[in-house]
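Spelled out, the chains give:
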Amino acid sequence: MAGDTEDRDAVLIREAEEVTAHVHALPRLLRRSFEPDIARSGLTAPQIRALDELTREDGISLKELSSRMELSHSTVSGIVDRLEQKGFLWRTPDPKDRRYSCIFLSEEVKDYLRTEMPFRRRDPILRALALASPEERSQVLQGIRALRRLLEMSITAGDQQVEPEPAWGTEE
C-alpha cells in the first residue's frame, strides 16, 4: 500500500535525522576533554583544524592542506606561518618539486599526540561507560557496532539505491 510505504519512509527519515544529530553531537562532546589544552595553547579554531589535518597525514603540501581544509591557499598559508612561528610545525622543500614545500608537525606536537591524545580521546568514553549499567554498556556497543556495519554496507553498495527492509516484516 502506498500509504504504508510513505509512513515507513517518513519514519526512516525521522530516525535518520535523529541518528545524524546524535552522531554530530558526539565529536563536540568528546572535544571538551581537549578544551583545557586548547585554552593553554592559545590556538585558534583554524589552527587546530590545520594541525588536525596534519595528524592524519604529516608532510603534505600547502596546496593539499588548503584543499582538505576547504580554505584558500593564502588563508592556509597565514595559518601555517603562525603555527610555524609558535613551533608547532615546520616546512621543508618538497624533494620531488622544490617549488613546493612539505609541512610537518614538530616533535613537541608528535609527542603530545603519542602521549596525551590516546587518553584524551578515551577518557570521556571511559567515564561515560563507568556511569552505565552493564546492560547499557552492552546496548551502546551493540548499537554502535550495528550502525558501523550498516554504514559500511551502504557505502559498499555504492550508488545503488538500497531499499531497507522494514523491521516489522512485509505486509501487503
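Cut-offs and rules
Residues numbered from 1 in each chain as written. Predicted model: local features only at pLDDT ≥ 70, side-chain atom pairs only at ≥ 80, totals over all residues. Heavy atoms only, no water. Phe/Tyr/Trp six-rings, centres within 6.5 Å; stacked < 30°, edge-to-face > 60°. Helix = DSSP H or I, 4+ residues; strand = E, 2+ residues; numbered from the N terminus. Core = buried A, V, L, I, M, F, W, Y, C linked by side-chain atoms within 4.5 Å. Buried < 20%, exposed > 50% of the residue type's maximum accessible area, 1.4 Å probe, protein only. Contact = heavy atoms within 4.5 Å. Patch = residues over 30% accessible without salt bridge, like charges linked within 9 Å, V, L, I, M, F, W, Y side chains within 5 Å. Areas by Shrake-Rupley, 256 points an atom, 1.4 Å probe, with all protein chains shown as cover. Salt bridge = Lys/Arg side-chain N within 4 Å of Asp/Glu carboxyl O. Lys, Arg positive; Asp, Glu negative; His and termini not counted. Charge placed at Lys NZ, Arg CZ, Asp CG, Glu CD. Pairing = 2+ DSSP bridges. Axes fitted to C-alpha atoms, helices over the stretch in contact; angles between N-to-C directions.

Visitor: Any details on the packing of aromatic side chains? Residues and values, ideally.
Guide: Two aromatic rings, taken as a pair, are described by how far apart their centres are and by the angle between their planes. Applying the stated criterion to the full structure yields one aromatic pair. A centroid spacing of 4.8 Å and a plane angle of 20° characterise the contact between Trp90 and Phe104, whose relative ring orientation is stacked. Taken together, the positions of Trp90 in strand 2 (residues 89–93) and Phe104 in strand 3 (residues 101–105) put the pair 14 residues apart, joining distant regions of the chain.

Visitor: Outline the nonpolar core, listing residues and values.
Guide: One finds Leu51, Leu65, Val80, Leu83, Leu89 and Ile103 to be the most contacted residues of the largest nonpolar core, which totals 20 residues. Those elements that place two or more of their residues in this core are helix 3 (45–56), helix 4 (62–69), helix 5 (73–85), strand 3 and helix 6 (107–115). In terms of residue count, helix 5 provides more of this core than any other element does, four residues in total. What Leu65 contacts, discounting residues up to four positions off in sequence, is Ala50, Glu53, Ile60, Val76, Val80 and Ile103.

Visitor: Explain a negative patch on the surface to me, using residue names and the numbers behind them.
Guide: Residues Asp4, Glu6, Asp7 and Asp9 make up a contiguous surface patch of negative charge. As for its position among the elements, Asp4 is in helix 1 (residues 2–31). Owing to a relative accessible area of 46%, Asp4 belongs among the partly exposed residues under this scheme.

Visitor: Tell me about the environment of Arg122, and please be specific about residues and values.
Guide: By the element assignment, Arg122 lies in helix 7 (residues 117–131). For the pair Arg122 and Leu30, spaced 92 residues apart in the sequence, the C-alpha separation amounts to 8.9 Å.

Visitor: Explain the side chain of Glu53 residue by residue, including any values.
Guide: Structurally, Glu53 can be placed in helix 3. Each residue touching Glu53, except ones within four places of it in the same chain, is listed here: Leu65, Arg68 and Met69.

Visitor: Got a sec to walk through the pattern of salt bridges? Specific residues and values, please.
Guide: For side chains bearing opposite charge, pairing can occur when the charged atoms are close. According to the stated counting rule, one finds twelve salt bridges in the structure shown. Among the ionic pairs, Lys110 bridges to Glu107, the shortest N-O distance being 3.9 Å. Residue Lys110 and its partner Glu107 are both found in helix 6; the two are separated by three residues, about one turn of the helix. For the salt bridge of Arg148 with Glu152, the shortest nitrogen-to-oxygen distance reads 3.0 Å. A residue pair is termed a helical-turn pair when its members lie 3 or 4 positions apart in one helix, as Arg148 and Glu152 do in helix 8 (residues 134–156) at four residues. A single network of salt bridges, built from pairs that share partners, joins Asp52, Glu53 and Arg56.

Visitor: Lay out the sheet that holds strand 1 (residues 60–61) in plain terms, naming residues and giving numbers.
Guide: The strand order 1-3-2 describes an open sheet built from three strands, whose pairing is antiparallel. Across the chains shown, the open sheet's two edge strands, defined by having one partner strand only, are strand 1 and strand 2. Note: strand 1 against strand 3, two bridges, orientation antiparallel. Bridge pairing in strand 3 places Ile60 opposite Ile103. Helix 5 contacts strand 2 and strand 3 of the sheet and is inclined by roughly 115° relative to strand 2.

Visitor: Can you tell me about the pairing of strand 3, naming the residues and giving the values?
Guide: Pairing of strand 2 with strand 3, which is carried by five bridges, proceeds in the antiparallel orientation. Its bridge partner lying in strand 3, Leu89 is registered against Leu105.

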